[in-house]
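Residue strings, one per chain:
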Amino acid sequence: MEPKKRTTGSSFAPIRRRRFFVCILALVAFIYFFGSPFKLPAALKDVPGLSRANIAQLVKYKAQPPAKVHEIFGLLSLVTGDSENEHILAREEGFDPTRPVDMAVYAAGKDDIDWNTRVQELNERFPVVVFSKVRHTRHSKRAKALLETYKLSPPPKIIEVDLRGACGSPSIKHLLTRLTDHATFPNVILRGKSLGGSDTLHALHSDKSLRRMLEGAGMVIRADI
């Protein structure tokens, strides 16, 4: 049996140096956040790109990672985007709308989408999205007619689900059921949150809550309601 080789202390030198550097970063971050008058140690001042501000920014970034974007915004992005992508949910191989869907599917081949930025754009351009049906649903007509009386700016984005083909319509219905817990049409979405259907919308209108919610979402109401 071969004798065990002794590990020399020099093999641990890189690890020790990394630990020392991490400890220094933690110490400097602590000093910065707790208002100590101490400055960055002189030994670290010449390190490229290392400054008190940079360390603080790094610590803040790690402490507050970007919030995860809710899947509903993926669906909203897809249905309010280019019309050429409107049937992508029906064409996606192995697509199951009853289970969580990867945001890459909703990106429709665009790998450079910043979803946090996209959410802000959607909330500004389409704060109200109404998933409706043209055929055989008086409830959708009532909901759209009520919103029209507010003369909203920007106006509600109407998605007529039954005009998106026999494959796209069931997919959207299953997605909305899973993501909003509302299985029927219309389904009124305000900044990613479902307000429900026509009856709920009229109830909110009757007790003056709807106006406050719309204005709170940044919409301008031009009608005298």
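Let me sum up the structure you'll find in this document. None of the values given here were measured: they were computed from a predicted structure.

As for the nonpolar core
Inference 1: Counting residues in each nonpolar core, the largest one holds 29 residues, and the members touching the most others are Leu75, Leu76, Leu89, Tyr106 and Phe131.
Inference 2: Within the residue set of this core, elements represented by two or more residues are α3 (71–79), α4 (88–91), α5 (103–106), α6 (115–125), β1 (128–132) and α8 (165–180).
Inference 3: Setting aside its immediate chain neighbours within four residues, Leu75 contacts Leu89, Tyr106, Phe131, Leu175 and Leu176.
Inference 4: With 17 residues, the next largest nonpolar core counts Ala143, Val188, Leu190 and Leu204 among its residues.

Some words on the sheet that holds β1
Inference 1: Strand order in the open sheet made by the four strands is β3-β1-β4-β5, with mixed pairing throughout. At either end of the open sheet lies a strand with only one pairing partner, and these are β3 (157–160) and β5 (193–196). Each strand of the sheet is rotated relative to its neighbour by a mean of 25°, with strand direction disregarded.
Inference 2: Across four bridges, β1 lies against strand β4 (residues 187–190) in antiparallel orientation. In the sheet register, Val130 faces β4, and the bridge partner there is Val188.
Inference 3: Across the sheet, α3 touches β1, β3 and β4, and the angle it forms with β1 is around 80°.

Comments concerning the packing of helix α9 (residues 198–206) against helix α10 (residues 209–216)
Two numbers describe a pair of packed helices, the interaxial angle and the distance between the axes.
Inference 1: Two elements in contact, α9 and α10, have axes whose closest approach is 5 Å; the angle formed by their N-to-C orientations is 95°. Between α9 and α10, the interaxial angle falls into the category roughly perpendicular. Across from Leu201, Leu204 and His205 in α9, the residues of α10 making contact are Ser209, Leu210 and Met213.

Conventions we followed
- Residues numbered from 1 in each chain as written.
- Predicted model: local features only at pLDDT ≥ 70, side-chain atom pairs only at ≥ 80, totals over all residues.
- Heavy atoms only, no water.
- Core = buried A, V, L, I, M, F, W, Y, C linked by side-chain atoms within 4.5 Å.
- Buried < 20%, exposed > 50% of the residue type's maximum accessible area, 1.4 Å probe, protein only.
- Helix = DSSP H or I, 4+ residues; strand = E, 2+ residues; numbered from the N terminus.
- Contact = heavy atoms within 4.5 Å.
- Pairing = 2+ DSSP bridges.
- Axes fitted to C-alpha atoms, helices over the stretch in contact; angles between N-to-C directions.
- Parallel < 35°, antiparallel > 145°, perpendicular 65-115°, else oblique.

None of the figures reported here should be taken as evidence of function without further support.
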